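Below, each chain spelled out in residue letters.
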Amino acid sequence: DKISNTSLSTRVCQEFNAAVVSYGQRETYSNFSAYLEGWDFWSLMMGGPGLCLLALLCWFFLVAGDFLQNIEFGMALLHSGLHGGPTVVISPYEIRALARWRVAVLLLLVLLPRAIVSLVLFYAGAKFLIYTPSLDDLILNAMALGFVMDLDEMLFAFVPPRVRSAVQSSEPLRLGRFCRRLSPSYVRPWFLLVVGGAMFLSVHFLFLDVLNRMQLAQDTMCGGNTAFVYTMDPSTGVVLRGVTALSPELNVSAYSFRAVLQESGLQVRELADELSWDNSWVPDAESMSVSMSREWIEVWGGARDGG
């Protein structure tokens, strides 16, 4: 860049706001830098990795709780159909027993699809959170996943009022115990192990790989020397390079900079004060106009003489 005398890599790695050409790379590097503030324990736990693990743990507990409710619903259905008789409903809305064919239909059309959706969300939501490199997007994505879990409650509001009133007024099914080892009191503690195992597998196979890729991307983009530019001579194929500044520099005393400010009609001295520049270089408008006029006359006169 001729104005700041820096290479594109230098402007990206120093998060120079004027890097319009490399805006995507600059945003990526900024997100990675904010996500990975350091590799010590406290930096990881208080930064992006810690926030991601917390969101991941909350997501696993949320989906596991929904899956547990699904299991308890299945147990209640099986208990209601153990007698093998017809459906028994006590007024107004208490179900004492269900026919076996009704239980089979509910298991196939309600319980099984709901379990499949929970398992898919369990895995897809984990990848969705782990592969989010921005802290802002991580918080928004975690909230979006919670919204997905509440989608059935929102759709329930569109059920006909009579059906909705019947469902809300009905008594819960008796859970019962059709097998000692499958009792809900025995099933619940196992879900803590399921959540712990899911956290271990997610961190070991996905999360650590993402952190390593972020670090590798940072080193690839901004590692080593970035203060140079290069070009290739098309005739010889020789690569030529030039050294640039280590940080963006703006020569406010250059003629081109001063000429643009004058042409824009801005109050140069007030602008320099607001931007905390050294305004000792700012000339009077009259002398600046005179010097520009003289230079323009010399250029115009030389062109006429040459013509």
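Here the structure is a predicted model, which is why all the values come from computation and not from measurement.

A closer look at the overall build of the protein
Part 1 of the reasoning: The helix and strand tally for the protein stands at 12 helices and four strands.
Part 2 of the reasoning: Across the 307 residues that make up the protein, the buried fraction comes to 29%.
Part 3 of the reasoning: Taking as baseline every contact in the protein between residues at least 6 positions apart, the subset at least 24 positions apart corresponds to 62%.
Part 4 of the reasoning: About 20,600 Å² of surface is accessible on the protein, with carbon and sulfur atoms providing 63% of the total.

Regarding the nonpolar core
Part 1 of the reasoning: Judged by nonpolar contacts, the single largest core of 30 residues is most densely connected at Tyr35, Leu56, Trp59, Phe60, Leu129, Ile130 and Phe207.
Part 2 of the reasoning: Counting residues per element, the ones that place at least two in this core are α2 (23–35), α4 (48–80), α5 (100–130), α6 (135–149) and α9 (184–222).
Part 3 of the reasoning: Discounting chain neighbours no more than four positions away, the residues touching Trp59 are Leu121, Phe122, Gly125, Ala126, Leu129, Leu145 and Met149.

Observations regarding the environment of Ile71
Part 1 of the reasoning: One can find Ile71 in helix α4.
Part 2 of the reasoning: Counting along the chain gives 40 residues from Ile71 to Leu111, while the straight-line C-alpha distance between them is 8.2 Å.

Re the packing of α5 against α6
Part 1 of the reasoning: The N-to-C vectors of α5 and α6 enclose an angle of 165°; their axes lie 10 Å apart at closest approach. Between α5 and α6, the angle falls in the class roughly antiparallel. In the packing of α5 onto α6, the handedness of the crossing is right-handed. Here Leu121, Gly125, Phe128 and Leu129 of α5 come into contact with α6, specifically with Leu138, Asn141, Ala142, Leu145, Val148 and Met149.
Part 2 of the reasoning: Class assignment of the residues belonging to the contact of α5 with α6 gives a composition of eight nonpolar, two polar and no charged.

About the cut-offs
Residues numbered from 1 in each chain as written. Predicted model: local features only at pLDDT ≥ 70, side-chain atom pairs only at ≥ 80, totals over all residues. Heavy atoms only, no water. Helix = DSSP H or I, 4+ residues; strand = E, 2+ residues; numbered from the N terminus. Buried < 20%, exposed > 50% of the residue type's maximum accessible area, 1.4 Å probe, protein only. Contact = heavy atoms within 4.5 Å. Areas by Shrake-Rupley, 256 points an atom, 1.4 Å probe, with all protein chains shown as cover. Core = buried A, V, L, I, M, F, W, Y, C linked by side-chain atoms within 4.5 Å. Axes fitted to C-alpha atoms, helices over the stretch in contact; angles between N-to-C directions. Parallel < 35°, antiparallel > 145°, perpendicular 65-115°, else oblique. Left-handed = near helix turned anticlockwise from the far one by under 90°. Nonpolar A, V, L, I, M, F, W, Y, C, P; charged D, E, K, R; others polar.

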